[in-house]
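One letter stands for each residue in the lines below.
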Amino acid sequence: MRVYLDNAATTPLDKEVIKEMCNVMENQFGNPSSIHAHGREVRSVVEKARKSIASLLNTSPAEIFFTSGGTEADNTAIRCGIIDHGITHAITSKIEHHAVLHTLEALAYEGIIKLSLVNINEQGSIDLAHLEELLKTHPKTFVSLMHANNEIGTLTNIEHVGEMCEQYEALFHSDTVQTMGHYRYDLSKLKVHFLVCAAHKIHGPKGVGFLYINHKIKIKPFIYGGAQERNMRGGTENVYGIIGLAKALELAYADMEKHHAHIQEIKSYMMVELKRAIPGIGFNGKTSADESLYTVLNVSFPKMEMPDMLLFNLDISGISASGGSACSSGSNIGSHVLSGIGADSSSPAVRFSFSKYTTKEEIDFVINKIKELNLF
């Protein structure tokens, strides 16, 4: 038996998504920028996908721009939002995804902005009082705070942050890669200027995503080379990816409450069983249902002689999990998120992340294999 519990890194493709993509691959191959019939046919398919996404988010299709994924969307929002609006100060946290943190650090290094880090507690929660203090003392600010941390799952109240940013006339960007398709967004009400999505986090294809840009602000393209995406992103559209993205989000919204209840039950069950099986086990980040992303559980195991071998042993046992973000798995540097919240570095941490396909039987298999390893 092999068990996949690394859905925060990527998810398996939904069969309905594959079917939708294959249908277009087999029957519609034109370039959507071409003015002939083949091109117009594909253009209509792309625009139908854009309208579908916009409808689910309760916004206008004109505010949805397709990208190569979450990283490009984050970079576009941050660099263009700051540079094109002459912003000189930005606020973020030290536990943001590197697509956000490294981009802002690069802008600070270039002397374009001064970067402030909002305080966080040991569970990864934002200090909202400190955030307001920073907003009060730094006019013309860009705020970038993720909705849910990709490693520990702690949620940020982006509704409250959005209201605060509007009060102090700040631009607000939120990395919503981990929460898009798992929570409902009403962009007619949410006070946010930029949101992002990566299809492969919601059982869609890799290499495609979108950036939501609020109609109240304008930015220049991040990628030049063509008039695609209404002159906002050069390059021939990833048509098959866009179709898969729209279908994946449609499926996520159709059964969101059902999947939420199922996955939350799986997460809670694993927490109980781990505590029962291993004395001294703990969890990093928030774990309550209303303060934590239900698809992510970051487990702090008791100290062991060779902590670096834990993930290796899990893999050998048929269990795919992560020590942190998949984006930094090739690095020999520990998790910046766990370091940022002051987690005990001598206790090995494993991120287990779940999807609608995860079963209790798989959790039982994982618990038994961990006990069999006899490492603690």
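Our subject is the structure listed above.
An account of the accompanying structure is given in this report. (Residues numbered from 1 in each chain as written. Predicted model: local features only at pLDDT ≥ 70, side-chain atom pairs only at ≥ 80, totals over all residues. Heavy atoms only, no water.)

### Focus on the environment of Leu311
Turning to its location among the elements, Leu311 is positioned in helix H10 (residues 309-316). Of the residues examined, Leu311 reaches a relative accessible area of 31% and is grouped as partly exposed. Apart from residues no more than four positions distant in its own chain, Leu311 is found in contact with Ala321, Ser322, Gly323 and Val350. (Helix = DSSP H or I, 4+ residues; strand = E, 2+ residues; numbered from the N terminus. Buried < 20%, exposed > 50% of the residue type's maximum accessible area, 1.4 Å probe, protein only. Contact = heavy atoms within 4.5 Å.)

### Observations regarding helix H5 (residues 128-137)
Turn by turn, an α-helix covers 3.6 residues, leaving residues three or four places apart pointing in a common direction. Among the residues of H5, those classed as buried are His130, Leu131, Leu134 and Leu135. Buried residues in H5, looked at end-on, bunch into an arc of 140°, giving them a common side. Away from the buried face of H5 by more than 90 degrees, exposed residues Ala129, Lys136 and Thr137 are located. Measuring from the backbone nitrogen of Ala129 back to the side-chain oxygen at the start of H5 gives 3.2 Å, which picks out Asp127 as the cap. (Arc of directions from axis to C-beta. Polar contact = N/O pair within 3.5 Å; in protein donor to acceptor, adjacent residues only side chain to side chain.)

### Here we look at the side chain of Glu237
Within the secondary structure layout, Glu237 lies in the loop between helix H7 (228-231) and helix H8 (239-254). Looking at Glu237, the relative accessible area reads 8%, which means it is buried. At a separation of 2.9 Å, a polar atom in the side chain of Glu237 contacts the side chain of Arg43. With sequence-adjacent residues up to four places away left out, Glu237 is seen in contact with Pro32, Ser33, Arg43, Gln228, Glu229 and Ile242.

### Here we look at the sheet that holds strand E9 (residues 282-284)
Taken together, the 3 strands give an open sheet; going across it, the order is E9-E10-E12, and neighbouring strands pair in antiparallel fashion. With partners counted over all chains shown, the strands left at the sheet margins are E9 and strand E12 (349-353), one partner each. Neighbour-to-neighbour, the strand axes of this sheet turn through a mean angle of 40°, independent of strand direction. Bridge count between strand E10 (residues 296-300) and E12: 5 bridges; the pairing is antiparallel. Each bridged residue has a counterpart across the sheet, and for Val299 the counterpart in E12 is Val350. (Pairing = 2+ DSSP bridges. Axes fitted to C-alpha atoms, helices over the stretch in contact; angles between N-to-C directions.)

### Considerations on the nonpolar core
Ile53, Leu57, Val143, Tyr185 and Phe210 are the most contacted members of the largest nonpolar core, which totals 55 residues. In terms of residue count, H8 provides more of this core than any other element does, 9 residues in total. Within the second largest apolar cluster, 33 residues are counted, among which are Ile278, Ile319, Ala321 and Ile370. (Core = buried A, V, L, I, M, F, W, Y, C linked by side-chain atoms within 4.5 Å.)

### Here's the deal with the packing of aromatic side chains
For the structure on display, the rule yields 2 aromatic pairs. Ring geometry for Phe142 and Phe194: centres 6.2 Å apart, planes at 35°, overall tilted. Pair noted here: Phe142 is in strand E5 (residues 141-144) and Phe194 is in strand E7 (residues 194-198), with a separation of 52 residues, a long-range link. The pair Phe142 / Phe194 is uniform in exposure class, with both members buried. The interplanar angle of 65° and the centroid separation of 5.6 Å between the aromatic rings of Tyr183 and Tyr294 together place this pair among those described as edge-to-face. (Phe/Tyr/Trp six-rings, centres within 6.5 Å; stacked < 30°, edge-to-face > 60°.)

### Here's the deal with the packing of H5 against helix H6 (residues 158-167)
It is at 10 Å that the axes of H5 and H6 come closest, and there the two elements cross at 20°. Regarding the angle of H5 to H6, the classification is roughly parallel. For the crossing formed where H5 meets H6, the hand is right-handed. Across the interface between the two elements, Leu128, Leu131, Glu132 and Leu135 of H5 pack against His160, Val161, Met164 and Gln167 of H6. (Parallel < 35°, antiparallel > 145°, perpendicular 65-115°, else oblique. Left-handed = near helix turned anticlockwise from the far one by under 90°.)

### Some thoughts on the sheet that holds strand E4 (residues 114-117)
Across the sheet, which stays open at both edges, the 7 strands sit in the order E2-E8-E7-E6-E5-E3-E4 with mixed pairing between neighbours. The open sheet terminates on both sides in strands that have one partner only, identified here as strand E2 (64-67) and E4. Across this sheet, the average inter-strand angle for adjacent strands is 20°, counted without regard to direction. One ladder, built from 3 bridges, connects E5 with strand E6 (residues 171-174); its direction is parallel. Pairing of Phe142 across the sheet is with Leu171, part of E6. Strands in contact with helix H3 (residues 70-84) are E2, strand E3 (89-92), E5, E6, E7 and strand E8 (209-213); relative to E7, the strand with the most contacts, it is inclined by about 160°.

### Remarks on the pairing of E8
Counting buried positions over the 5 residues of E8 gives 5, a clear majority of the element. Neither face of E8 is open: one carries Gly209, Leu211 and Ile213, the other Phe210 and Tyr212, and all of them are buried. Here 4 bridges tie E2 to E8, and the two strands are oriented antiparallel to one another. When the bridges of E8 are listed, Ile64 appears paired with Tyr212. Here E7 runs beside E8; their pairing, made up of 5 bridges, is antiparallel. Bridge pairing in E8 links Phe194 to Ile213.

### Here's the deal with the pattern of salt bridges
Here the structure, examined in full by the defined rule, presents 18 salt bridges. The shortest N-O distance in the salt bridge between Arg2 and Asp315 comes to 3.3 Å. Note that Arg2 is positioned in the segment before strand E1 (3-4) and Asp315 in helix H10, a separation of 313 residues in sequence. Overall, the relative accessible area of 54% leaves Arg2 in the exposed class. Taking the relative accessible area as the measure of exposure, Asp315 reaches 38% and is therefore partly exposed. A salt bridge links Arg43 to Glu237; its shortest N-O distance comes to 2.9 Å. (Salt bridge = Lys/Arg side-chain N within 4 Å of Asp/Glu carboxyl O.)

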